[in-house]
Amino acid sequence: MPDWGNLLAQDASRMVEALRSFPEQIERALGLACRVPNNLQGFKNVVVLGMGGSAIAGDLLARFSTVPVVTVRDYELPTWVNSDTLLIAISYSGETEETLSAFREGLRRTRRAVALTTGGALAALCEERDIPWVPVPPGFQPRAALAFLLFPLLGCLSRLGYVRDDPARVAAALRGLRDACVPEHQANPAQDVAQTLFGRIPVIYGAGITVPVAYRWKTQINENAKQPAYWAELPELCHNEIVGYELAGKVFAQGIVLFLRSSFDHPRVARRVEILKEVLSSRGLAFREVWGQGETALAQALWLLYFGDWVSFYLALLNGVDPTPVRPIQELKKRLKETAGSG
Ligand code: F6R
C-alpha cells in the first residue's frame, strides 16, 4: 500500500486544489454562459478551434450538441466553413499559434465568432475586430481549466435549446465522486485504479459519449503522469486494433486495456465489450472496467472524465513526478517562437 500522505509532497504545484474544486468551477463557469452573446444565433454549424487541453471542450460539446460541432486542431479551416458557421476559438493562454491562425482565417469567412481565453494575443485580436470574448479565470493549467472552457459553451447552447442534457445538473452529480477521490478519503477508488495502471501502458477504450473522455484520459495520463498512454474507440477498434492483440502478449506485455462504460452504451457496443474481454483474457492481456455514474449521458461522461483526472493525478504521484509542469510542451512552443511563422 503506497504512503499517499508522503507521495502528496510530489504535488509541489498543488494540482490537487484545481481537482478538488472542479464541481464548484462548473457552477461558476455556467455563470459565464451569459457572456456568450445571443446575437450569434442563426448558425447552422459550429467550429471549435483549439489545441490540447483547450480543444477537448470542442470534442465534448460535439457529443452533446444537437447542432453539428466540429473541432479543428490545426492552422487551417475546412473549406466548408462560411457565414453559416459559428466560430469558437478556445485558448486558455490566448497564445496558441494554430488556434490564432485558424481564427484569423475564420474571421474572413464569418462574423459569427466568440473566443474563450484568459487574455493574450487572442483577446487582443477579439478587441481589435470587435469580437466578443469570455474571460476565463487565470492561474490554472489549461487542462485543469476545462470547466471554464466547456461549461460557458454548454450553458449558452443549452439556453438556445441545442444541448441534449441539462448542464446545470452535472456539478451535483460530481460532488460525491470528489468526496470519494480526495486524498483524505481512505478506500479511494481513484488511487485503486492508479495502482492498477502503475508500471503499465494504459490503452483507454471509449464508445459514443465516452470517446472524448477516453482521449482525455490518455492526454491526462501523458501530461499529469508523464508517461505513454493510448486510446481507441468502439466499435471501430473491433475492425482493426483487435488483430494487434495476436502478438500483443509478446511486444506489449506492459499494456492494460481500460474500458470506460456507461449505461448509455449502445447494446451492441456492450455485447462487443463482453466479447473483447473474453478475447483479452484468452490472450493473457490485462483489462479493467470503469462505469460512469449519473442520471444523464452528460453527467456520466463528466463523471468518467473527472474520475480519470483523479486517476492520472495519483498515477503521477506513484510515478514520482509533479503532475502540473509540462516542460516538453513549453520547450517546443519556445523553439517554435524562435522561428516565428505567419501565425
Ligand atoms: C497544458 C495543456 C496543453 C495546452 C495546449 C494549448 O495544460 O493541456 O495541452 O492546452 O498546449 O494551449 P492553450 O490551451 O493555452 O491554447
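Source: prediction; values computed, not measured.

1. A look at the domain arrangement of the chain
And then number 1: Structurally, the chain comprises domain 1 (36-164) and domain 2 (185-318).
And then number 2: Placing a centre on the C-alpha atoms of domain 1 and another on those of domain 2 gives a separation of 28 Å.
And then number 3: Contact residues are listed per partner, giving 11 residues for domain 1 and 15 residues for domain 2.
And then number 4: It is Arg63, Phe64 and Arg143 that lose the most area in domain 1 upon contact with domain 2, and together they represent 48% of the buried surface on that side.

2. Some points on empty space enclosed by the protein
And then number 1: Considering all chains together, one arrives at 3 cavities of 30 Å³ or more under this definition.
And then number 2: Roughly 90 Å³ of internal volume is contained in the largest cavity.
And then number 3: In this structure, the largest cavity is lined by Met15, Ala18, Leu19, Phe22, Arg143, Ala144, Arg216, Gln220, Asn224, Asp309 and Ser312.
And then number 4: For the lining of the largest cavity, the secondary-structure elements that each account for two or more residues are helix 2 (15-20), helix 10 (211-225) and helix 13 (297-319).
And then number 5: Along the lines of polarity and charge, the residues of the lining of the largest cavity split into 5 nonpolar, 3 polar and 3 charged.
And then number 6: Here the second largest cavity defines a volume of roughly 60 Å³.
And then number 7: Grouping the amino acids of the lining of the second largest cavity by side-chain chemistry returns 10 nonpolar, 2 polar and no charged.

3. Observations concerning the site of the ligand
And then number 1: Residues in contact with the ligand amount to 14 residues; listed here are only the nearest, Ser54, Ser91, Ser93, Thr96 and Gln141.
And then number 2: Here Ser93 contributes a side-chain N or O atom positioned 2.6 Å from an oxygen atom of the ligand.
And then number 3: One of the side-chain N or O atoms of Thr96 is found 2.5 Å from an oxygen atom in the ligand.
And then number 4: Surface burial for the ligand is 94%, taken as the share of its 400 Å² of free accessible area covered by protein chains.
And then number 5: Taken atom by atom, the bulk of the ligand overlaps the largest pocket.
And then number 6: Breaking the shell around the ligand down by element, the ones donating at least two residues are helix 4 (52-64) and helix 14 (327-338).
And then number 7: For the shell around the ligand, the element with the highest residue contribution is helix 4, accounting for 3 residues.

4. As for the sheet that holds strand 4 (residues 113-117)
And then number 1: Spatial strand order, 2-1-3-4-5: 5 strands in an open sheet with parallel pairing. Of all strands in the sheet, those with a lone pairing partner are strand 2 (69-72) and strand 5 (133-135), marking the two edges. Each strand axis lies, on average, 20 degrees off the axis of its neighbour in the sheet, ignoring direction.
And then number 2: Pairing of strand 1 (residues 45-49) with strand 2 involves 4 bridges; the strand directions are parallel. Bridge pairing in strand 2 places Val46 opposite Val69.
And then number 3: The strands touched by helix 4 within the sheet are strand 1, strand 2 and strand 3 (85-91), with strand 2 carrying the most contacts at an inclination of about 160 degrees.
And then number 4: Against the sheet, helix 6 (residues 120-129) engages strand 3, strand 4 and strand 5, with an angle of about 150 degrees to strand 4.

Each value, and the rule that gives it
- Residues numbered from 1 in each chain as written.
- Predicted model: local features only at pLDDT ≥ 70, side-chain atom pairs only at ≥ 80, totals over all residues.
- Heavy atoms only, no water.
- Domains from an automatic or database assignment.
- Contact = heavy atoms within 4.5 Å.
- Buried area = accessible area lost by both parts, 1.4 Å probe.
- 1 Å grid on protein atoms, 1.4 Å probe; cavity = no way out; pocket = protein on both sides within 12 Å on 5 of 7 lines; lining within 4 Å.
- Points joined across faces, edges and corners; volume = space filled by probe spheres on them.
- Helix = DSSP H or I, 4+ residues; strand = E, 2+ residues; numbered from the N terminus.
- Nonpolar A, V, L, I, M, F, W, Y, C, P; charged D, E, K, R; others polar.
- Near = heavy atom within 4 Å.
- Polar contact = N/O pair within 3.5 Å; in protein donor to acceptor, adjacent residues only side chain to side chain.
- Areas by Shrake-Rupley, 256 points an atom, 1.4 Å probe, with all protein chains shown as cover.
- Sits in = over half its atoms within 2 Å of the grid points.
- Pairing = 2+ DSSP bridges.
- Axes fitted to C-alpha atoms, helices over the stretch in contact; angles between N-to-C directions.

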